[in-house]
Amino acid sequence: PILPGSSIKGAIRTAFLNDKNGDSNSRFSAKEVRKLEADLLGGSFETDPLRLLKVGDALFDNAALSPKIMFENNVKRIPVKAGKPTRQLLSLMREAIPEYNYAAFSLSINTQNLQGIKTDKTPSLNISLNGIAKHCNAFYVDIFKKEVKRFIQRGCLKESWVTHSEKTLQLIQPFIDKNAGMVL
């Protein structure tokens, strides 16, 4: 399994923009979003501070813990009529990372340092890995907790999973507090 760097950077952008927009839950059209992004980030692509962020693909980092096929659905493409032979089935397989592997992926995230370089195309907002972690944690930890609560109410989560996820959050809390790690 792989998590594309562009998707991770998009998630980081969402958290960054949410913070810059004051946690507003407003809905915008596509045109309004581009204008809002330009306003919040200080202009165009050239002055976008996130253009200085380089995010690699996240690779599954544990060969001993191979992904597992959790279930398979067989869906008939065409309903079978009486007396007709059964057509080929379409198999849909779902793979999942074994549970409780909070460090199963590795990736690289780098920021370009433009300190001392000032042009009209230099971003006015500075970014750092600690700042990115701060934005992501402020945005995604809360979302994670709300989603867990919602799934508990719907009876979709095992109690053991909830207990382990809470323990995992407790384990990484010191890193979250220092903006030395992030939840995405």
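For the structure itself, consult the block above.
A quick note: this is a predicted structure, and the numbers were derived from the prediction, not measured.

The next point concerns the overall build of the chain. When its secondary structure is counted, the chain shows four helices and seven strands. Starting at the N terminus and ending at the C terminus, the chain contains elements arranged as β-α-α-β-β-β-β-β-β-α-α. Going through the 184 residues of the chain one by one, you find that 21% of them count as buried. Restricting to contacts in the chain with at least 6 residues of sequence separation, those with at least 24 account for 73%. As displayed, the chain offers around 13200 Å² of accessible surface, 53% of which is attributable to carbon and sulfur atoms.

Attention shifts here to the pattern of salt bridges. Tallying each qualifying case throughout the model produces two salt bridges. Across the pair Asp142 and Lys146 runs a salt bridge whose closest N-O atoms are separated by 3.2 Å. Linking Asp142 with Lys146, this pair stays in helix H3 (residues 129–153), spanning four residues, or about one helical turn. Arg150 is the salt-bridge partner of Glu147, the closest N and O atoms lying 2.5 Å from each other. In this pair, Glu147 and Arg150 are both assigned in helix H3, three residues apart and thus about one turn of the helix distant. Judged by relative accessible area, Glu147 falls into the partly exposed class, the value being 30%.

Take the sheet that holds strand E6 (residues 105–106) next. Strand order across the open sheet formed by three strands is E1-E3-E6, with antiparallel pairing between neighbours. Single-partner strands in this sheet number two, and they are strand E1 (2–3) and E6. Across two bridges, the pairing between strand E3 (residues 58–60) and E6 is antiparallel. Its bridge partner being in E6, Phe60 is matched across the sheet by Phe105.

What counts, and at which threshold
- Residues numbered from 1 in each chain as written.
- Predicted model: local features only at pLDDT ≥ 70, side-chain atom pairs only at ≥ 80, totals over all residues.
- Heavy atoms only, no water.
- Helix = DSSP H or I, 4+ residues; strand = E, 2+ residues; numbered from the N terminus.
- Buried < 20%, exposed > 50% of the residue type's maximum accessible area, 1.4 Å probe, protein only.
- Contact = heavy atoms within 4.5 Å.
- Areas by Shrake-Rupley, 256 points an atom, 1.4 Å probe, with all protein chains shown as cover.
- Salt bridge = Lys/Arg side-chain N within 4 Å of Asp/Glu carboxyl O.
- Pairing = 2+ DSSP bridges.

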